Amino acid sequence: MNTIAIVLVIGLVLFTIGLSILSRRFTRTTADFYLAGRKVGSFSNASAISGDYLSAASFLGVAAAVYASGLDGVWYAAGFAGGFMVVVLFIASALRRFGEYTVADFAFGRFGTDRIRLVTVVGVLLTSMFYMAPQMYGAGTTWSILVGRGFLGMSAYNTGVVVVAAVMMFYVAMGGMKGTTLNQVFQFWWLNFATILLVVFIFGSGFSYPQALADASADTLVNAKTVTVADLTADDGAMLAKAEGAMTAEGFANVEAAIAAGDETAKVDVVLPQVNKLHELRDMVFVEPGHRYNKLDQFSMVLALVLGTAGLPHILNRYYTNPSGSAARRSTFWVLILIGMFYIMAPIIGLAGRELIANAVADGSAPTAANYVDGLLVTASQIMPMMGQIIGGQWLLGIVSAGAFAAMFSTIGGLLIASASAVGHDVYEKYINPNATEKQRVFFAKSAVIVFAFVALGIGLGIPASGLNTAYPAIIAMMVTWAFAFGAGTFVPMLLTGIWWKGTTEKGAIAGMIVGGGGSLLIILLNILKTLGVLTAGGLLGFLGDMTYPTVFTFPAALLTIIVISKMDGQLPKNVDHIWMRIHGTAHERYEREHGLDKVGGMFGGAPKGASK
Amino acid sequence: MAAQAEAAAQATGGETYIQHGSHIDTIESVDMVFRAQRKLSFTYGAIFFAVTLAIPALSGVWEAWYAEPIWGGFTANYLFVSLLYYVFLWTMAWTYSKKADKLDEDLMYMAEEIEAKFRAEHADELDEEV
């Protein structure tokens, strides 16, 4: 157990709770609870969006993906950042001008039926749950490294999941969007501070980026993998022969000992040479593309990442907190600066890990909380805290571990708010109790937060039982990308056509969401089944099951569906001109500017600076 | 806010408009704003997607791009994805935001001109302040 790290994490939790209690005094209305009163300034909002966005997948997953996959892992960083260009170019300003609270509100306001609002709510909940899963898994794994033990009869992993769910339940229900925003700002800067420290320590140790890249690419890329003796010796020992060629004599002796013990179900850590999926005749080296993606997947992955951001409800909701459309654009520019800095640094840590972790294992200074084989981490997702301990000792491990929890807290907070607003604002206030008082609405929103925190808890506890964590090499980043792919297929075509094509009809939009969302779910499910070895069929199912990301098919299919069905349907809302004026009109902004209402107010209430009385 | 906009939406002499306080959007002014914004956003969008999708395209076909070191171990592909892509994004976002803000300013003045014309034509039917 690492005392310094635990003290820092407890300090983070207490500070988080303190901010939520402070915010509670200023969360009286649903606009306060869901939107922080719509008065969050560009830079504050950019910091909060960055905190919301930089989840466990980014903080723990990007460096891990680079460590395991080289260039194909770097794409996670570039793609996650690139997604905000789609937001700023096509969505941010229009969404803010349209007003409202949620993505489902936009769908209802634009197309005018309860049916599309409810379809959107289902999509929001599914996206949020997809995104929640890796955060909760990250919570369990980070707790395992940090504390290394469970409480109340639970495993260390389960304890981490329970603790994070409980903290989130408390602080989001208590502070609402204001508390969550303040916490996200703080959490973003903490995790950024931890990353900067790591990079400073790495360069301080004599690291040369170009040279390290050359060294890492000198030989075939190898990775550690945990397999059963039965799998290792199957097919006349094909995998065993590969492992023997890639491992040191000392490392392979442990493998031979495990085989000699005769237990076919015993698990053993091996090192295997990696295959180039893009250029099959070339060796797979760190600096080249092809470790994860074949030619089709290269495009599908890029599309999933750059389009998916615009389909994440918890990110889009934050745009409603801006005071104006122009402020929404400025926020996005600052987001790109802030997360860009982070995403430039994360791959450096992943690359440096190849050399520094191997050196630490060789000289016996590697932390004992992780497993290694031949100088490689068996679980790549542990790279951030392990690098913290190796290059900065207990203090840096503590700062990095607190950074990991900050990343999880900030994202889970945004997801809980998005989920609560989907059922609280979009269902309860509209259908179950339209005459609810403000007090009843806020109470329901807080209750919804608690319910979804329990759902998150269930998801987190269920992941290890599914076997997903051992089937994918960097499962945290992988699961987040599934959320991106689902959002890109479900929401982005509807938002793009809803904002930019007046001829979009309700039936077209719903059909597009079903085709995009349903298609994404189907392909992701087939990929999971194939990776777990459940699906062995060839043909079309096998082809789809081989696709890591569905976006290259689902996004154009959804777009085409919307266009074709809308053309066939032709039933535009009766007030389509009014709707169009709400999305693209400027009278409201001219009015707000005249009265000083476009200015940023205090996060704790009070009139906006410069507002006319 | 949305409720305010809807409440103020009216039709006058066959023309629809939205009124916020003393400010009015007509379908004519909004279409003008929409077309200008669409041109700007889709021009930048085309550049963004062309550059972004060119990277995996080059990774599939051009060996000098993905396999030949140009600085230490950096290939052009690795250098672009790990560093230069962000400079591209920052430049795009900055110039787009500036142009969009400028466009907003220009269009607001133009919208006000259209509004003045509309107000003169429908002076009897308009509210003074909503």
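Calculation rules
Residues numbered from 1 in each chain as written. Chains lettered and ligands numbered in written order. Predicted model: local features only at pLDDT ≥ 70, side-chain atom pairs only at ≥ 80, totals over all residues. Heavy atoms only, no water. Helix = DSSP H or I, 4+ residues; strand = E, 2+ residues; numbered from the N terminus. Buried < 20%, exposed > 50% of the residue type's maximum accessible area, 1.4 Å probe, protein only. Contact = heavy atoms within 4.5 Å. Areas by Shrake-Rupley, 256 points an atom, 1.4 Å probe, with all protein chains shown as cover. Polar contact = N/O pair within 3.5 Å; in protein donor to acceptor, adjacent residues only side chain to side chain. Buried area = accessible area lost by both parts, 1.4 Å probe. Salt bridge = Lys/Arg side-chain N within 4 Å of Asp/Glu carboxyl O. Expected span 1.5 Å × (residues − 1). pLDDT = per-residue confidence, 0-100. Phe/Tyr/Trp six-rings, centres within 6.5 Å; stacked < 30°, edge-to-face > 60°. Lys NZ or Arg CZ within 6 Å of the ring centre and 35° of its normal. Patch = residues over 30% accessible without salt bridge, like charges linked within 9 Å, V, L, I, M, F, W, Y side chains within 5 Å.

A. How the structure looks around the overall build of chain A. The number of helices and strands found in chain A is 24 helices and four strands. Buried positions account for 64% of the 613 residues belonging to chain A. Sequence-distant contacts in chain A: of pairs separated by 6 or more residues, those separated by 24 or more amount to 82%. Roughly 20,200 Å² of accessible area belongs to chain A as shown, and the carbon and sulfur atoms make up 64% of that amount.

B. Region of the structure containing the overall build of chain B. Helix and strand counts for chain B come out as four helices and five strands. Seen in sequence order, chain B has helices and strands lined up from the N terminus as α-β-β-β-α-α-β-β-α. Here chain B holds 130 residues, and 49% of them are scored as buried. Sequence-distant contacts, at least 24 apart, represent 60% of the contacts inside chain B between residues at least 6 apart. A total accessible area of about 6,100 Å² is found for chain B, and carbon and sulfur atoms account for 62% of it.

C. Representation of the environment of A:H584 in the model. All names here are of chain A. Along the polypeptide, H584 turns up in helix α23 (residues 576–584). Between the C-alpha atom of H584 and that of L95, which follows or precedes it by 489 residues, the distance is 9.5 Å. Polar side-chain contacts of H584 include one of 2.7 Å to the backbone oxygen of I499.

D. The interface of chain A and chain B, seen in detail. With 68 residues of chain A at the interface, the matching set in chain B holds 68 residues. Both faces considered, chain A and chain B share a buried interface measuring about 6,100 Å² in area, 71% of it formed by carbon and sulfur atoms. When the buried surface of chain A facing chain B is broken down by residue, A:W500, A:M581 and A:R590 rank first, second and third, together holding 12% of it. On the surface where chain A and chain B come into contact, there are two salt bridges. When the shortest N-O distance is used, the salt bridge between B:D101 and A:R329 registers 2.8 Å.

E. Here's a closer look at helix α16 (residues 438–466) of chain A. Residues and elements named next belong to chain A. Look at α16: 42 Å from first C-alpha to last across 29 residues, which is about the 42 Å you get at 1.5 Å a residue. All of the buried residues in α16 are R441, V442, A445, A448, V449, F452, A453, A456, L457, G460 and I463. Immediately beyond the C-terminal end of α16, within one or two residues, lies G467, with a positive phi of roughly 85°.

F. Broad picture of the pattern of salt bridges. This model, assessed by the stated rule, comprises eight salt bridges over all chains. For A:D105, the salt bridge is made with A:R117, and the minimal N-O distance between the two is 3.0 Å. On the criterion of sequence distance, the pair formed by A:D105 in helix α6 (residues 103–111) and A:R117 in helix α7 (residues 114–146) is long-range, its members being 12 residues apart. A single burial state applies to A:D105 and to A:R117, both of which are buried. Salt bridges here are not isolated pairs; linked through shared partners, they connect A:R282, A:E288 and B:E63.

G. Geometry of unusual backbone geometry. All names here are of chain A. Even without being a glycine, L152 presents a positive backbone phi close to 55°. Despite not being glycine, D374 shows a phi value in the positive range, around 50°. Locating D374 in the fold gives a position in the loop between β3 (372–373) and β4 (376–377). Its relative accessible area of 31% is what places D374 among the partly exposed residues.

H. Representation of the environment of A:Y76 in the model. All names here are of chain A. Relative to the elements of secondary structure, Y76 occurs in helix α5 (residues 71–98). Among the residues examined, Y76 registers a relative accessible area of 0% and is labelled buried. Distance in space between the C-alpha atoms of Y76 and V306 is 9.9 Å, their sequence separation being 230 residues. Beyond its immediate sequence surroundings of up to four residues, Y76 is in contact with V62, A65, R292, Y293, L305, A477, M478, T481 and Y549.

I. Broad picture of the side chain of A:H279. Within the secondary structure layout, A:H279 lies in the loop between β2 (267–273) and α12 (295–308). When sequence neighbours within four positions are dropped, the list of residues in contact with A:H279 reads B:S59, B:G60 and B:Y66.

J. Representation of the confidence of the model for chain A. The predicted model of chain A averages 85 in pLDDT, with 92% of residues at 70 or higher. Across residues 600–613 of chain A, where pLDDT falls below 50, the model places 26 contacts with residues more than four positions away in sequence or in other chains.

K. Structural context of α6(A). Where burial is concerned, most of α6(A) is hidden: eight out of the nine residues are buried. Of the residues making up α6(A), those classed as buried are A:V103, A:A104, A:D105, A:F106, A:A107, A:G109, A:R110 and A:F111.

L. Structural context of the confidence of the model for chain B. Residues and elements named next belong to chain B. Taken residue by residue, chain B gives an average pLDDT of 80. The fraction at 70 or more is 75%. The spread of mean pLDDT over the elements of chain B runs between helix α1 (residues 2–8), the lowest at 42, and strand β5 (residues 74–75), the highest at 96. Between residues 1–8, whose pLDDT stays under 50, and residues either more than four places distant or in other chains, the model counts 20 contacts.

M. A look at the packing of aromatic side chains. As enumerated under the stated definition, the model contains 40 aromatic pairs over all chains in all. Both rings, one in B:Y85 and one in B:F88, keep their centres 5.9 Å apart while their planes meet at 35°; by these two values the pair is tilted. With B:Y85 and B:F88 both in helix α4 (residues 76–121) and three residues apart, the pair spans about one turn of that helix. Across this residue pair, the class does not change: B:Y85 and B:F88 are buried. Members of the aromatic cluster, each reached through a chain of ring pairs, are A:Y53, A:F59, A:Y76, A:F80, A:F84, A:Y131, A:F342, A:Y343 and A:F484. Positioned above the aromatic ring of A:Y67, the side-chain terminus of A:R354 is 5.0 Å from the ring centre. One Lys or Arg, A:R582, reaches over the ring of A:F98 and ends 4.0 Å from the middle of that ring.

N. View of a nonpolar patch on the surface. On the surface, A:L296, A:L540, A:F543 and A:F553 cluster together into a nonpolar patch covering about 370 Å² of accessible area. By the element assignment, A:L540 lies in helix α21 (residues 539–546).

O. Structural detail: the side chain of A:Q187. Tracing the sequence through the fold places A:Q187 in helix α8 (residues 156–204). Apart from the residues lying within four places of it in its own chain, the contact partners of A:Q187 are A:T16, A:Y171, A:A406, A:F409 and A:S410.

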